[in-house]
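Coordinate analysis (summary)
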Amino acid sequence: MTRYLSVIALLLTSVLSSSLAYGQGPSITIGSKSFTESVILGEILAGLAKNTGSSVNHRKQLGGTRILWNALLRGEIDAYPEYTGTIAREILANQKITSRDSMIDALSAKGISMSAPLGFNNTYALAVTAPTAKRHSLKTISDLKRFKDLKLGFSNEFMDRGDGWPALKRRYGLPQSDVRGLDHDLAYRGLKSGDIDVIDVYTTDAEIPYYGLTLLNDDQQHFPRYDAVILYRSALKITAPATSEAFEGLAGRLNVTTMARLNAAVKLNRQSESTVAAEFLKTTLNITTHAVPETALQRIYARTVEHLFLVGISLFTAIFVAIPLGILAARRRRTGQIILSIAGILQTIPGLALLVFMIPLLGIGSEPAIAALFLYSLLPIIRNTHTGITGIDPSLQNSAIALGLPPTARLRLIELPLATPSIMAGIKTSAVINIGTATLGALIGAGGYGQPILTGIRLDNIGLILEGAIPAALMALIAQFGFEWIERRLAPNGRAEVQT
Amino acid sequence: MSKWNAAINLNNGLVVSRLILCDGAMFELQNISKSYGAVQAVTNLDLTIASGKTTVLIGPSGCGKSTILGMMIGLVKPDAGDILFNDTPLSVGKLEQKRQRMGYVIQDGGLFPHLSARRNVTLMAQHLQRNPQETANRIQELCDLTHFPEAALDRVPAQLSGGQYQRVALMRALMLDPDVLLLDEPLGALDPLIRFDLQTELRDIFRSLGKTVIMVTHDIGEASYLGDTIVLLRDGRVVQSGAITDLIDNPFEDFVVRFMRAQRSVPGTPRENSEPRPDE
């Protein structure tokens, strides 16, 4: 146990020291949404900020608009790339936005500044494959009305947003009913395999030329303009004026072809976002970023530290809460049933849902992930503590009582030692579940092995997916064997099995 | 209660004629009843256990003998009636302190499997923070008394033989020098040879200690060999109690006769166990 504690302590120190190791200058946190263009833009912002002497942390692929916007409002991030259409229709949907000025006013009332447009309009479009377009002679969105049986696959965000599918369907009177929500990056593969016929795309998507897709003309001008801008906290003008000026300096420097080219460099040529961003900054703005691309080993090490941090803290606190709860459950039958039911219900909440529930309470990053993992770790430990104690041979319980041992001494000297194998098995189960579930933490910016998996899915890069999946599996195996080793150490004679 | 008192008061009000010299009553059970659901384990039982003597509770399975022992140490709570231990009701004061004045051994010993024999024996002494030197002396004394090899003290229960296991259980019960030993079929799980030896040893131990012993068994041979007083139970009631000779010579009912005879002897061998005890 002491050894276990020291590992945790070591982890904590290394995480703390690495977070304190940043240099002087204002500290800026950039956010980006979970699609490649946003990540590239985020890297560009990070490069600009770094160039002005700020210490920069880029929380990549944090999620969708709501998560980024709320994180910006809360100050968890200082800036992120956004689109005017999204601001008007999503973020400020319940306010009357008639002009660019009214948008700027509404934003600044919330302490947020918007940069001038960066130079490209990445609006939504519907895309079909060239053969589909040819077969049905599809040219405009209106043409879709004639083909009721076409299968539509839209990104989850497009399904929900104000100008998304429901509004589009109404505007054009589209008859299709087979509509699926799916991850944007998977949509291309679905289109290619023929599982779906029509998808939503962004006009700067690298895949449009790659897959030879035909964009359907928005003949009724349904989609608003989605001019790329930078949203940043107005406070930056005071705390990091050089950085906010550098952000403004990006205005008009990125046209739609450049953006599509950058996207393609990442998605199709497999260059890293930071390399592509650095090249752009060099050629367009003559800014040299001394960003040294991480080697695979450095990446894996960094992800391992993050993952261990999530798993270690959540499991450790869960052990300290769950064992007493398990003891209580074993002592009092009625209370025990309530405790076990609540822990059981927690266990049935899907991991992603639990993470999302945590965001309003704890924001983004590692805190909500740790809280969710903590809740997940409770049940196996509570249940096994309960089973371990209630499963002790009654004659041993009676012997302990008959000796005259008071209840606390019985617990310490007899019941807990006899229940140890069961409790350790519970901790082991929690650890393994926890290591797997922690990969979801990347979805809310907690980092860990989920990060390369998410990026790998986004970039269709199996290597990156494995870079997260294999270490996660190894960590689970190590946890399994490690706890078995501790278990043997705690029961040196191997006699601690509960006799039944 | 005088110093001269009847060993056993029967629930039918009869006082057994035989009087025993003793210091008083260790346990008095007054009008005790206990049922498990629909099963009446003990019914309106009055029983007095004399100090300094060995009392054997005997009877067929389900007669309530183990339940009575369990009630004496407070593991089983009677539905009705009072139990006095050293003239104080068990329900008054700290039960744990009273239990520390009793030593309890069950059929399978109930040794804690995760602790060495030594730790099993000294667990309570350590918990009460007794002087370690005294504890060490005491454990040596007990090893001598129970013929337990000191070298085996550091084994865990699973590494002990059946006889050794029960010796450790007995040592654990005797560690704090209790007022009374409660033995619930302590030899029931042992093979006949070890059982025979241990019976002999137990008799020596009981005699040398002069403690109050209450033992439950269903073996009439063992009962007559070890017991000063035999309490024959059936269906949660006392059928007859007294010295073994009383039960043989003066049975109250046919069941007593049948129970006393329900022991087969091997042809051609003398029944050592049923011989009259030389000191009586």
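Residues numbered from 1 in each chain as written. Chains lettered and ligands numbered in written order. Predicted model: local features only at pLDDT ≥ 70, side-chain atom pairs only at ≥ 80, totals over all residues. Heavy atoms only, no water.

Once that is clear, we can look at the overall build of chain A. Scanning chain A from terminus to terminus reveals 22 helices and 10 strands. In terms of its C-alpha atoms, chain A occupies a principal-axis envelope of roughly 90 × 60 × 40 Å. Per-residue burial over chain A gives 53% buried out of 500 residues. Taken as a whole, chain A presents about 22100 Å² of accessible surface, with 59% of it coming from carbon and sulfur. Of the side-chain charges in chain A, 47 are positive and 38 negative, and the distance between the mean point of each set is 5 Å. (Helix = DSSP H or I, 4+ residues; strand = E, 2+ residues; numbered from the N terminus. Buried < 20%, exposed > 50% of the residue type's maximum accessible area, 1.4 Å probe, protein only. Areas by Shrake-Rupley, 256 points an atom, 1.4 Å probe, with all protein chains shown as cover. Lys, Arg positive; Asp, Glu negative; His and termini not counted. Charge placed at Lys NZ, Arg CZ, Asp CG, Glu CD.)

Helices and strands together make up the secondary structure of chain B, namely nine helices and 12 strands. For chain B, the computed accessible surface area is about 12700 Å², with 49% contributed by carbon and sulfur atoms.

With that settled, the discussion passes to the side chain of His136(A). With respect to the helices and strands, the residue His136(A) is situated in the loop between helix H6 (130-135) and strand E6 (152-155). Among all residues touching His136(A), those that are not within four sequence positions of it are Arg146(A), Phe147(A) and Leu150(A). (Contact = heavy atoms within 4.5 Å.)

Moving on: the interface of chain A and chain B. Every contact between the two is made by 22 residues of chain A and, on the other side, 23 residues of chain B. With both sides pooled, the region where chain A packs onto chain B buries about 2000 Å², and carbon together with sulfur makes up 69% of that total. For the pair chain A and chain B, the number of links is zero salt bridges. Run the count over chain A and chain B and you get three residue pairs in polar contact (both at pLDDT 80 or more). Taken together, the elements giving at least two residues each to the side of chain A that touches chain B come down to helix H19 (394-403) and helix H20 (407-437) of chain A. Ranked by residue count, the leading element in the side of chain A that touches chain B is H19(A), at eight residues. Broken down by class, the residue content of the side of chain A that touches chain B amounts to 13 nonpolar, six polar and three charged. (Buried area = accessible area lost by both parts, 1.4 Å probe. Salt bridge = Lys/Arg side-chain N within 4 Å of Asp/Glu carboxyl O. Polar contact = N/O pair within 3.5 Å; in protein donor to acceptor, adjacent residues only side chain to side chain. Nonpolar A, V, L, I, M, F, W, Y, C, P; charged D, E, K, R; others polar.)

With that settled, consider the environment of Ile389(A). All names here are of chain A. Secondary-structure assignment places isoleucine 389 in helix H18 (residues 366-390). By relative accessible area, which is 3% here, isoleucine 389 ends up buried. Sequence-wise, isoleucine 389 and leucine 418 are 29 residues apart; in three dimensions their C-alpha atoms are separated by 7.5 Å.

All right, on to the sheet that holds strand E4 (residues 39-50) of chain B then. Residue and element names in this part refer to chain B. Overall, antiparallel pairing links the four strands, which are arranged E4-E3-E6-E7 in an open sheet. Of all the strands in the sheet, just E4 and strand E7 (88-89) have a single pairing partner and so form its edges. Looking at chain direction, strand E3 (residues 25-36) and E4 are connected through eight bridges and run antiparallel. Looking at E4, one finds that isoleucine 32 is bridged to leucine 45. (Pairing = 2+ DSSP bridges.)

Turning our eyes to something else, we now look at the sheet that holds E6(A). Residue and element names in this part refer to chain A. What the five strands build is an open sheet, ordered E7-E6-E8-E5-E9; its pairing is mixed. With one partner strand each, in any of the chains shown, strand E7 (179-182) and strand E9 (213-216) form the two edges of the open sheet. Strand-to-strand twist across the sheet, computed as the mean angle between neighbouring axes with direction ignored, equals 40°. Bridge count for E6 against strand E8 (residues 198-202) is two bridges, and the pairing is parallel. Counterpart to leucine 152 in the pairing with E8 is valine 198. Against the sheet, helix H9 (residues 184-193) touches strand E5 (124-129), E6, E7, E8 and E9, its axis set at about 135° to E8. (Axes fitted to C-alpha atoms, helices over the stretch in contact; angles between N-to-C directions.)

Ile87(A), Leu107(A) and Leu231(A) are the most contacted members of the largest nonpolar core, which has 63 residues in total. Among the elements that make up this core, the one with the highest residue count is H18(A) (12 residues). The two domains that each donate at least three residues to this core are domain 1 (21-121 + 226-285) and domain 3 (296-499) of chain A. Setting aside anything within four residues of it in sequence, one finds Leu231(A) in contact with Trp69(A), Leu72(A), Asp78(A), Ala79(A), Tyr80(A), Glu82(A), Ile87(A), Ile91(A), Leu107(A), Ile112(A), Ser113(A) and Met114(A). Grouped together as the second largest cluster of nonpolar side chains are 59 residues, Ala409(A), Ile58(B), Leu153(B) and Ile220(B) included. (Core = buried A, V, L, I, M, F, W, Y, C linked by side-chain atoms within 4.5 Å. Domains from an automatic or database assignment.)

Another aspect to go through is the packing of aromatic side chains. Residues and elements named next belong to chain B. Considering all chains together, one arrives at 15 aromatic pairs over all chains under this definition. Judged by centre distance (5.9 Å) and plane angle (40°), the rings of phenylalanine 255 and phenylalanine 259 are tilted. In this pair, phenylalanine 255 and phenylalanine 259 are both assigned in helix H9 (residues 254-261), four residues apart and thus about one turn of the helix distant. Here phenylalanine 255 and phenylalanine 259 have matching classes, each one buried. Over the ring of phenylalanine 112 we find arginine 172; its NZ or CZ atom is 4.8 Å from the centre of that ring. Note that arginine 234 overlies the ring of phenylalanine 255, its terminal NZ or CZ placed 4.3 Å from the centroid. (Phe/Tyr/Trp six-rings, centres within 6.5 Å; stacked < 30°, edge-to-face > 60°. Lys NZ or Arg CZ within 6 Å of the ring centre and 35° of its normal.)

Let's shift gears to the side chain of Ser32(A). With respect to the element layout, Ser32(A) can be found in strand E1 (residues 27-33). For Ser32(A), the side chain forms a polar contact with the side chain of His58(A), separated by 2.9 Å.

Bringing the pattern of salt bridges into the picture now. All names here are of chain B. Here the structure, examined in full by the defined rule, presents 20 salt bridges over all chains. Across the pair lysine 34 and aspartate 79 runs a salt bridge, and its minimum N-O distance is 3.6 Å. Here the residue lysine 34 occupies a position in strand E3, and aspartate 79 occupies one in the loop between helix H1 (65-72) and strand E6 (80-85), the gap between them amounting to 45 residues. Given the relative accessible area of 47%, aspartate 79 is considered partly exposed.

All right, on to helix H15 (residues 296-331) of chain A then. Given a rise of 1.5 Å per residue, 36 residues ought to cover 52 Å, and the 51 Å separating the end C-alpha atoms of H15(A) matches this to within 8%. For H15(A), the principal kink sits at Ile319(A) and spans about 25°. (Expected span 1.5 Å × (residues − 1). Bend = angle between axes of the 7 residues up to and from the residue.)

On to the domain arrangement of chain A. With domains assigned, chain A is organised as domain 1 (21-121 + 226-285), domain 2 (124-216) and domain 3 (296-499). Averaged C-alpha coordinates put domain 2 of chain A and domain 3 of chain A at centres separated by 43 Å.

Residue and element names in this part refer to chain B. Per-residue pLDDT for chain B has a mean of 82; in total, 86% of the residues score no lower than 70. Here residues 1-22 is a poorly scored stretch, pLDDT under 50, and it has 40 contacts once near neighbours within four places are set aside; other chains count. Across residues 273-280 the pLDDT falls below 50, and counting only partners more than four positions away or on other chains, this stretch makes 16 contacts in the model. (pLDDT = per-residue confidence, 0-100.)

Residue and element names in this part refer to chain A. Close contact between H19 and H20 brings their axes to 11 Å; oriented N to C, the two are set at 165°. The orientation of H19 with respect to H20, classified from their angle, is roughly antiparallel. Both H19 and H20 take part in a crossing whose hand is right-handed. Contacts between H19 and H20 involve Leu396, Gln397, Ala400 and Ile401 from the first element and Arg410, Ile414, Glu415 and Leu418 from the second. The residue makeup of the contact of H19 with H20, split by class, is five nonpolar, one polar and two charged. (Parallel < 35°, antiparallel > 145°, perpendicular 65-115°, else oblique. Left-handed = near helix turned anticlockwise from the far one by under 90°.)

In this section: the pairing of E5(A). Residue and element names in this part refer to chain A. Here E5 lies mainly inside the structure; six of its six residues are buried. Sheet topology note: the E5/E8 ladder contains four bridges and is antiparallel. Its bridge partner being in E8, alanine 127 is matched across the sheet by isoleucine 199.

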